[in-house]
Amino acid sequence: MSQAMDEPLGRQALAGAQMLFVAFGALVLMPLITGMDPNVALFTAGIGTLLFQLVTKRQVPVFLASSFAFIAPIIAAKGEFGLPAVLGGVVAAGLVYILLGFAVRLKGPAFIDRLLPPVVIAPVIISIGLALSPVAVNMAMGKAGDGSAQLVPYETAMLISMPALLTTLLVAVLGKGLFRLVPILAGVTVGYGLSLAFGVVDTAGIAAAPWLAMPNFVAPEFHLGAILFMVPVALAPAIEHIGGVVAIGGVTGNNFIKKPGLHRTLLGDGLATSAAGLFGGPPNTTYAEVTGAVMLTKNYNPKIMTWAAVFAIVLAFIGKFGAALLSIPVPVMGGILCLLFGSIAVVGLSTLIRHQVDLSEARNLIIVSVTLVFGIGGMMIGYGEFSLSGISLCAIIALALNLVLPGGEGWKNKQIEENG
C-alpha cells in the first residue's frame, strides 16, 4: 500500500469528498435523465457503497453509483408500467448479480467466461449506447427525450447544448490532474451558466424547497413485465463489474478476483442494486472515474470510499440541493449525453477489438448482427406482460445464440484467467 491505513481522519474525509466530486456528474445525470430523484440516487449510492464494503470486508477501494447501462430499459419500462414497477425490476436485476456471485463461488470465475463471452456482451453494450442516441439528440435540440415536446426553443437549446458538449470534450482531452476526471461536471457547469444567461432556468423550485428534506423515496412494486425489461440488461453491467474489479486491482497492485473474491464483489454489487430499488434509486455499478482518481492520487485506502458514501448520504437530505439539480435544463444534459451514449457504444466496440473477436466467422457474425438489429431497432417478441423488446430482448437473444450455435467452446477470457 502506498499510503498508511491509519492516516489522519481529516485527510481521509477530504479524500472521500474528492472521490464523490469525481463521481458526482455521472451519479446525478442518470436519475435526471430517467425522471428519478437525484437526492434518492445520492442516498442509494452511499448505502450501496457501504453494503459493498461490508460484503467485501472493506478491501476494495471502489465507489458504486448510478449505472448508465439501465437508462434505456428504465425509460421504456417507466412509460409502460410506471416507476414503482421499474424499481421492482431494479431489485430483480440486483438478484441476477447475487446469483452470478453464487455461481462463481461454486464453479469459479471461468463460469462467467463461458456464459458471457465478449461476442455476447459487446453487441449488447453497443446496442445500449446507440439505441439511446435519439434521446441525446432530442434533448440537445431542446426537446423531451422522446421528441414529443419542444421544451426549449431550438436555437437557444443549441447555444446551450453544444458549448456544454465542447466543454466536456476539452476537459476530457486537455484537462490535467483531477480536473481531467470531472468532464461531466465541467460541462454541466458551463451549460447551466449559459442557461441562466438565456433565462431558461426555473429557479422557483429552488426557492420553494426547504434546506433539509427527506429524499423522495418510492417503494417498489413487482410486475413481471417490468422485471423482464430489466433483468436481461444486468448481464452487460456484470461484465463491466468484472472489468472494474480487475482495473482497480491493477491500480492498487492487488488481486481482488482472488481476495476478497469475484463472488463477494458480485454479491456486494447485487445487494447495492437491490437496495437502491427498494428505496427508489437507480441500479448501481462501480465507477471508472473513481478508479482513475485512485490511480491519480495513489490513495488506495478503502476507508476514503466510506467517507465518500457518508457525504453522499448527507447531501441526499439537503432539499435545496436536489431542487437545484432538478432545475438543470434539458439541453445541458442533452449536449453531454451526445458524448456519453456514444462512449457506451465505443466500450462495446473496444471489447470486440481487444478480445480479437473474428467477425468473419459465421457464428460470431450471426450473434453480433442479430443482437445489434434487435437492440437498436427495438424489436419486440411476445404479448402483453410476457413481451420482451429492445435491449432486454437483444441481451437474451445474444445469450441464447451463444449457447445454441456450435463452435464457441474455444474462447478463453484472459482477463479472468490471468487474475483468477
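Predicted, not measured: the structure shown is a model, and the values here were computed from it.

**Let's talk about the overall build of the protein**
Right, on to step 1. Secondary structure assignment for the protein yields 20 helices and four strands.
Right, on to step 2. Taken against the 2.2 N^0.38 rule, which gives 22 Å for 420 residues, the C-alpha radius of gyration of the protein at 21 Å falls within 12% of a compact globule.
Right, on to step 3. In the protein, buried positions account for 56% of the 420 residues.
Right, on to step 4. Put simply, the protein shows about 17,000 Å² of open surface, and 69% of that area lies on carbon and sulfur atoms.
Right, on to step 5. If you average the places of the 20 positive and of the 18 negative side-chain charges in the protein, the two averages end up 12 Å apart.

**With respect to helix 16 (residues 319-326)**
Right, on to step 1. Along helix 16, the residues that are buried comprise Gly319, Lys320, Gly322, Ala323 and Leu325.
Right, on to step 2. Considering only its buried residues, helix 16 is in contact with helix 1 (9-34), helix 2 (38-55) and helix 10 (204-208).

**Quick look at the packing of aromatic side chains**
Right, on to step 1. Tallying each qualifying case throughout the model produces seven aromatic pairs.
Right, on to step 2. An angle of 70 degrees between the planes, with centres 5.1 Å apart, marks the rings of Phe43 and Phe279 as edge-to-face. Of this pair, Phe43 sits in helix 2 while Phe279 sits in helix 13 (residues 257-279); the two residues are 236 residues apart in sequence, bridging distant segments of the chain.
Right, on to step 3. Overall, Phe43 belongs to the buried group, its relative accessible area being 9%.
Right, on to step 4. Judged by centre distance (5.8 Å) and plane angle (70 degrees), the ring pair of Phe81 and Phe229 falls under edge-to-face. Pair noted here: Phe81 is in helix 3 (residues 71-81) and Phe229 is in helix 11 (residues 224-230), with a separation of 148 residues, a long-range link.

**Quick word on the environment of Val218**
Right, on to step 1. With respect to the element layout, Val218 can be found in the loop between helix 10 and helix 11.
Right, on to step 2. Remark: the alpha-carbon pair of Val218 and Ile304, spanning 86 residues in sequence, is separated by 29 Å.
Right, on to step 3. Non-local contacts of Val218, meaning those with residues more than four positions away in its chain, are made with Leu83, Pro84, Leu87, Gly277, Leu278, Phe279 and Gly280.

**Description of helix 3**
Each α-helix turn comprises 3.6 residues. Residues three or four places apart therefore point the same way.
Right, on to step 1. Listed as buried for helix 3 are Ile71, Ala72, Pro73, Ile74, Ala77 and Phe81.
Right, on to step 2. Looking at the packing, one finds that the buried side of helix 3 touches helix 1, helix 4 (83-107), helix 11, helix 17 (330-354) and helix 19 (390-404).
Right, on to step 3. A positive phi of about 95 degrees marks Gly82, the residue just after helix 3.

**Re the nonpolar core**
Right, on to step 1. Of all hydrophobic cores here, the largest spans 122 residues; its most connected members are Leu27, Phe63, Phe68, Phe70 and Phe341.
Right, on to step 2. Take this core: its biggest share by element is 13 residues, from helix 1.
Right, on to step 3. The contacts of Phe341, once residues within four sequence positions are left out, are Ile33, Phe68, Ile71, Gly129, Leu132, Ser133, Val135 and Ala136.

**Some words on the layout of surface pockets**
Right, on to step 1. Considered as a void within the structure, the largest pocket measures approximately 1,400 Å³ in volume.
Right, on to step 2. Elements represented by at least two residues in the lining of the largest pocket include exactly helix 1, helix 6 (118-131), helix 8 (154-174), helix 9 (183-198), helix 12 (235-252), strand 2 (284-286), helix 14 (288-297) and helix 17.
Right, on to step 3. Grouping the amino acids of the lining of the largest pocket by side-chain chemistry returns 29 nonpolar, 16 polar and four charged.

**Quick word on the confidence of the model for the protein**
If pLDDT is low for a region, its predicted coordinates should not be looked at in detail.
Right, on to step 1. The share of residues in the protein with pLDDT of 70 or more is 95%, and the mean pLDDT across the chain is 90.
Right, on to step 2. The weakest mean pLDDT in the protein belongs to helix 20 (residues 414-419) at 49; the strongest belongs to helix 2 at 97.
Right, on to step 3. Low pLDDT, under 50, characterises residues 410-415; the stretch is placed with eleven contacts to residues that sit more than four places away or in other chains.

**A short note on unusual backbone geometry**
Right, on to step 1. Along the chain, Lys259 connects to Pro260 via a cis peptide bond; the corresponding omega equals 10 degrees.
Right, on to step 2. Tracing the backbone shows Pro260 in helix 13.
Right, on to step 3. One non-glycine residue, Lys57, lies in positive phi territory at about 55 degrees.
Right, on to step 4. The residue Lys57 is located in the loop between helix 2 and strand 1 (64-66) in this model.
Right, on to step 5. One non-glycine residue with positive phi stands out, namely Lys298, at about 55 degrees.
Right, on to step 6. Mapping Lys298 onto the fold places it in the loop between helix 14 and helix 15 (303-316).

**Examining the packing of helix 12 against helix 13**
Any two packed helices are characterised by how steeply their axes cross, that is the angle between the axes, and by the distance between the axes.
Right, on to step 1. In the contact formed by helix 12 and helix 13, the axes pass within 11 Å of each other and the chain directions differ by 145 degrees. By crossing handedness, the relation of helix 12 to helix 13 is classed as right-handed. For the pair helix 12 and helix 13, the contacting residues are His241, Ile242, Val245 and Val246 in the first and Ile257, Leu262, Thr265, Leu266 and Asp269 in the second.
Right, on to step 2. Here the residues of the contact of helix 12 with helix 13 sort into six nonpolar, two polar and one charged.

**Describing the side chain of Ser327**
Right, on to step 1. You can see Ser327 is positioned in the loop between helix 16 and helix 17.
Right, on to step 2. You can call Ser327 buried: its relative accessible area is 10%.
Right, on to step 3. Setting aside chain neighbours within four positions, we find Ser327 in contact with Tyr192, Val201, Asp202 and Ile206.

**Concerning the packing of helix 2 against helix 16**
Right, on to step 1. As a packed pair, helix 2 and helix 16 sit with axes 8 Å apart at the nearest point and diverge in direction by 120 degrees. Between helix 2, through Pro38, Asn39 and Leu42, and helix 16, the contact on the second element is made entirely by Gly319, Phe321, Gly322, Leu325 and Leu326.
Right, on to step 2. By residue class, the composition of the contact of helix 2 with helix 16 is five nonpolar, three polar and no charged.

**Here's the deal with a nonpolar patch on the surface**
Right, on to step 1. A cluster of nonpolar side chains, contributed by Leu166, Leu169, Leu170, Val173 and Leu174, occupies part of the molecular surface with about 470 Å² of accessible area.
Right, on to step 2. With respect to the element layout, Val173 can be found in helix 8.

The rules behind the values
Residues numbered from 1 in each chain as written. Predicted model: local features only at pLDDT ≥ 70, side-chain atom pairs only at ≥ 80, totals over all residues. Heavy atoms only, no water. Helix = DSSP H or I, 4+ residues; strand = E, 2+ residues; numbered from the N terminus. Rg over C-alpha atoms; globule rule 2.2 N^0.38 Å. Buried < 20%, exposed > 50% of the residue type's maximum accessible area, 1.4 Å probe, protein only. Areas by Shrake-Rupley, 256 points an atom, 1.4 Å probe, with all protein chains shown as cover. Lys, Arg positive; Asp, Glu negative; His and termini not counted. Charge placed at Lys NZ, Arg CZ, Asp CG, Glu CD. Contact = heavy atoms within 4.5 Å. Phe/Tyr/Trp six-rings, centres within 6.5 Å; stacked < 30°, edge-to-face > 60°. Core = buried A, V, L, I, M, F, W, Y, C linked by side-chain atoms within 4.5 Å. 1 Å grid on protein atoms, 1.4 Å probe; cavity = no way out; pocket = protein on both sides within 12 Å on 5 of 7 lines; lining within 4 Å. Points joined across faces, edges and corners; volume = space filled by probe spheres on them. Nonpolar A, V, L, I, M, F, W, Y, C, P; charged D, E, K, R; others polar. pLDDT = per-residue confidence, 0-100. Axes fitted to C-alpha atoms, helices over the stretch in contact; angles between N-to-C directions. Left-handed = near helix turned anticlockwise from the far one by under 90°. Patch = residues over 30% accessible without salt bridge, like charges linked within 9 Å, V, L, I, M, F, W, Y side chains within 5 Å. Salt bridge = Lys/Arg side-chain N within 4 Å of Asp/Glu carboxyl O.

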